[in-house]
Amino acid sequence: MPGIKVGIVGFGYMGHFHLDKIRLVEGVDVAAVYDTDPKALAAADQEGIKTYSTRTSFFEDQGIDVVVIATPNHVHGPLALEALEAGKHVLLEKPATMNAKEFCEVMECAENHGKLITVHQNRRWDKDFRMVKEIYEKGTIGNMVTIESRVLGERGICFGWRANPEAGGGMLYDWSVHLMDQMCCLFRGQKVKRIYANLRSILTPKVDDFDELELTFESGTCARIVISTFALQKLPRWFVYGDRGALRIDDFSGESGGISRIRTDVEGYNKSEMTGGAGPTRTMAPLNREMIECMEMPVVKEMPLAFHENLKNAVLGKTDLEVKPQEVLRVMRLIDAAFESSKTGERIEVNI
């Protein structure tokens, strides 16, 4: 069976990332690169890849089956339309487009041409997220009341075109889009009923480099997301309150943290007392340790090629896409609502 040939549009940081992943997937090869930067084309040439300096000649290449679009965000939509109209399947870097309306146009074009469209929401396969997902699905800490998800960096600013609002810069498009997708996967089947967003520019003048988001699902679970490029002290990557216990995961590795839950047969919760500040408290007193069980964290394996393997098999007609267009559209609608909420400073009632 002939292999799948991939063309990459935009041979910068993420273009190289996709090249490295694709080279590890059996039966898939990078056949061509298109970029407007001569240095990027020279880099592709050094990798032994055919290069194009014009979009027309690139999209006319009949040897390309799948186009990977790894450009600044504002041209994702137009390039996706051009690729689909040229008869190619399309993998878009996130965010898919600049808004939900634009992605609807891409979805319609893909359907009209009988081609696949997906988005690089690879964080669905992160170990830490898959640990949270397993704990949720098994009900290990009971019903989740509040789930906190954070990605905290230290470098302080957004770099390159990601600092340019016209190019689709900022952390909502860059990182919050991943964490919203994770939440929607975790609570699949539940609508988001309310959203609040506080998008701020702390050190990057024109785009958000600090995001606070709250998504309230129809079960009542509140998902809190925090992104900061300038956090010199750290909080856990995940902290989850359940009605039987709590979960903490410290970082992406998933190797540090813990699960604690109340034993089902415990009585006498009100027998503890402690001094808190200037006075005593029973409400906030710690339980005796024998009332709490500390559980083993789930063990999940690394899956570094899962996204690209799935795309290959979907193109070959062997399976469905893991990151489906309707799921991407849902996240794009949440992004639109987040921008609106941050602009007005109000919580917005939605049904997404």
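Shown above is the structure to which this text applies.
Residues numbered from 1 in each chain as written. Predicted model: local features only at pLDDT ≥ 70, side-chain atom pairs only at ≥ 80, totals over all residues. Heavy atoms only, no water.

Student: Any chance you could explain unusual backbone geometry here in plain terms?
Tutor: For the bond running from lysine 94 to proline 95, omega is -10°, close enough to zero to count as cis. Relative to the elements of secondary structure, proline 95 occurs in the loop between strand S5 (89-92) and helix H5 (100-113). (Helix = DSSP H or I, 4+ residues; strand = E, 2+ residues; numbered from the N terminus.)

Student: Honestly, the nonpolar core in this entry has me stumped. Any pointers?
Tutor: Nonpolar side chains tend to gather and get buried jointly when the protein is soluble and globular. Counting 100 residues, the largest nonpolar core has Phe58, Leu92, Phe103, Ile147, Met180, Met183 and Leu247 as its most contacted members. When residues of this core are assigned to their parent elements, the largest contribution, eleven residues, is made by helix H7 (residues 171-186). When sequence neighbours within four positions are dropped, the list of residues in contact with methionine 183 reads Ile147, Ser149, Leu215, Phe217, Ala223, Arg224, Ile225 and Trp238. (Core = buried A, V, L, I, M, F, W, Y, C linked by side-chain atoms within 4.5 Å. Buried < 20%, exposed > 50% of the residue type's maximum accessible area, 1.4 Å probe, protein only. Contact = heavy atoms within 4.5 Å.)

Student: Looking at this structure, how should I read the sheet that holds strand S2 (residues 28-34)?
Tutor: Think of a sheet as strands paired side by side through backbone hydrogen bonds, with each pair either parallel or antiparallel. Strand order in the open sheet made by the six strands is S3-S2-S1-S4-S5-S6, with parallel pairing throughout. Edge positions in the sheet fall to strand S3 (50-52) and strand S6 (117-119), since each has one partner strand and no second. If you compare each strand with its neighbour and ignore which way they point, the axes differ by 25° on average. Direction of pairing for strand S1 (residues 4-9) relative to strand S4 (residues 66-69): parallel, over a ladder of four bridges. Note on S4: the bridge partner recorded for isoleucine 8 is valine 68. With respect to the sheet, helix H2 (residues 38-46) is in contact with S2 and S3, its orientation differing from that of S3 by roughly 165°. (Pairing = 2+ DSSP bridges. Axes fitted to C-alpha atoms, helices over the stretch in contact; angles between N-to-C directions.)

Student: Is there a simple way to explain the sheet that holds strand S17 (residues 348-349) in this structure?
Tutor: In space, the nine strands of this open sheet follow the order S16-S13-S12-S11-S7-S10-S9-S8-S17, with mixed pairing throughout. Edge strands, defined here as strands with exactly one partner in the open sheet, are strand S16 (292-295) and S17. Two strands pair when backbone bridges link them, and strand S12 (residues 245-249) and strand S13 (residues 257-262) are joined in this way by five bridges, in the antiparallel orientation. Paired with leucine 247 across the strands is isoleucine 259, a residue of S13.

Student: Explain the pairing of S12 to me, please; I cannot follow it from the model alone.
Tutor: Within a regular strand, the side chains alternate between the two sheet faces. In S12, alternate side chains face the same way, and those of Gly245, Leu247 and Ile249 are buried while those of Ala246 and Arg248 on the opposite face are not. Bridge count between strand S11 (residues 238-242) and S12: four bridges; the pairing is antiparallel. If you follow tryptophan 238 over to S12, its bridge partner there is isoleucine 249. Remark: two residues form the turn of the hairpin made by S11 and S12, two consecutive strands paired antiparallel.

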